[in-house]
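Here are the chains, one letter per residue:
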Amino acid sequence: MNKKILYTILSVFLLISCQQENDTVLLREGFLSVSGIEVQSQTVTEVASRSTDDIIWTVELWKGNEKLRTLSTEEMQNKIELDAADDYMLKVYSPNYGVEKSWTNEEKGEPVYYTEVPFVVKLGETTGLKVQVPMITFAVSLNLSEVIGDWLQEYDFTVTAGDRTVALDNGDIAYFPYSEGVSFSYQLTLTNSDSETNTLNGDWGKDEGEVINTNTIYTVVYNWDTHSLSLKE
């Protein structure tokens, strides 16, 4: 047989074999594409949130109750080939995830981020995900801008949530781990220019209708007109 004809026949069989292999892959597999991971916007008033541009996310790929692997940055820049199934999940969290359980009274804490994103991989299709990761802690800030200056000579402010009490200066933020039914209380003791001392107290989350949410910064404000504290979120 002519060698040219033989090579032609072998090439045709090879092409058919490759096509069958590709068809088999498409019949049982699909792809995941992670186009971006970013911080979900926080509910916050009058307080600038900390920079999140430098967070190095941990991204875990799960199928059902089985952790398949931790995805690398390089993997997420390309399509990820997966078997077609409807029980996949990405778990995405910041490097400090879990540290909130060990914060002390001397630590103001920091934002902690975590999310779980279920997704489905369909036969021969690409599932695109863009993940927003919320702050799973909540925070309390102090705003004394209306009285800071000559009138306010000294003050002490503390906020308590659970078994942790943190002292704050004007503009500071304290972060707390969230749990169902959590509440916080706060106390401001101030001395004015007439050497008058007054102590004001407040709380949130103890009365019906008062709900504490994650991904939220609550700001305690001193109102000059009423000489009382109010809470904003």
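For the structure given in this document, a descriptive report is provided here. (Residues numbered from 1 in each chain as written. Predicted model: local features only at pLDDT ≥ 70, side-chain atom pairs only at ≥ 80, totals over all residues. Heavy atoms only, no water.)

**Focus: the sheet that holds strand E5 (residues 85–93)**
Now for step 1: On the basis of which strands lie adjacent, the open sheet formed by four strands has the order E3-E2-E5-E6 and antiparallel pairing. The open sheet has two edge strands, strand E3 (66–70) and strand E6 (114–121), and neither has a second partner. On average, each strand axis in the sheet is tilted by 25 degrees relative to the strand beside it, whichever way the strands run.
Now for step 2: Direction of pairing for strand E2 (residues 58–63) relative to E5: antiparallel, over a ladder of six bridges. Looking at the pairing, Glu60 lines up with Lys91 of E5. (Pairing = 2+ DSSP bridges. Helix = DSSP H or I, 4+ residues; strand = E, 2+ residues; numbered from the N terminus. Axes fitted to C-alpha atoms, helices over the stretch in contact; angles between N-to-C directions.)

**Some points on the pattern of salt bridges**
Now for step 1: By the definition in use, this model includes four salt bridges.
Now for step 2: Note that Lys67 is salt-bridged to Glu60, the shortest N-O span being 3.4 Å. (Salt bridge = Lys/Arg side-chain N within 4 Å of Asp/Glu carboxyl O.)

**Quick notes on the packing of aromatic side chains**
Now for step 1: Using the criterion set out here, one finds 11 aromatic pairs in the structure.
Now for step 2: Grouped by ring-pair contacts, the aromatic residues Phe138, Phe157, Phe176, Phe184, Tyr186 and Tyr218 constitute a single cluster.
Now for step 3: The ring of Trp62 carries Lys91 above its face, with NZ or CZ at 3.7 Å from the centroid. (Phe/Tyr/Trp six-rings, centres within 6.5 Å; stacked < 30°, edge-to-face > 60°. Lys NZ or Arg CZ within 6 Å of the ring centre and 35° of its normal.)

**Quick word on the nonpolar core**
Now for step 1: With 29 residues, the main nonpolar core has Leu32, Trp57, Leu82, Leu90 and Phe119 as its most contacted residues.
Now for step 2: Among the secondary structure elements, those contributing two or more residues to this core are strand E1 (29–39), E2, strand E4 (80–83), E5, E6, strand E7 (126–133) and strand E11 (173–177).
Now for step 3: Counting 24 residues, the second largest nonpolar core, distinct from the first, contains Val147, Leu152, Val182 and Ile212. (Core = buried A, V, L, I, M, F, W, Y, C linked by side-chain atoms within 4.5 Å. Buried < 20%, exposed > 50% of the residue type's maximum accessible area, 1.4 Å probe, protein only.)

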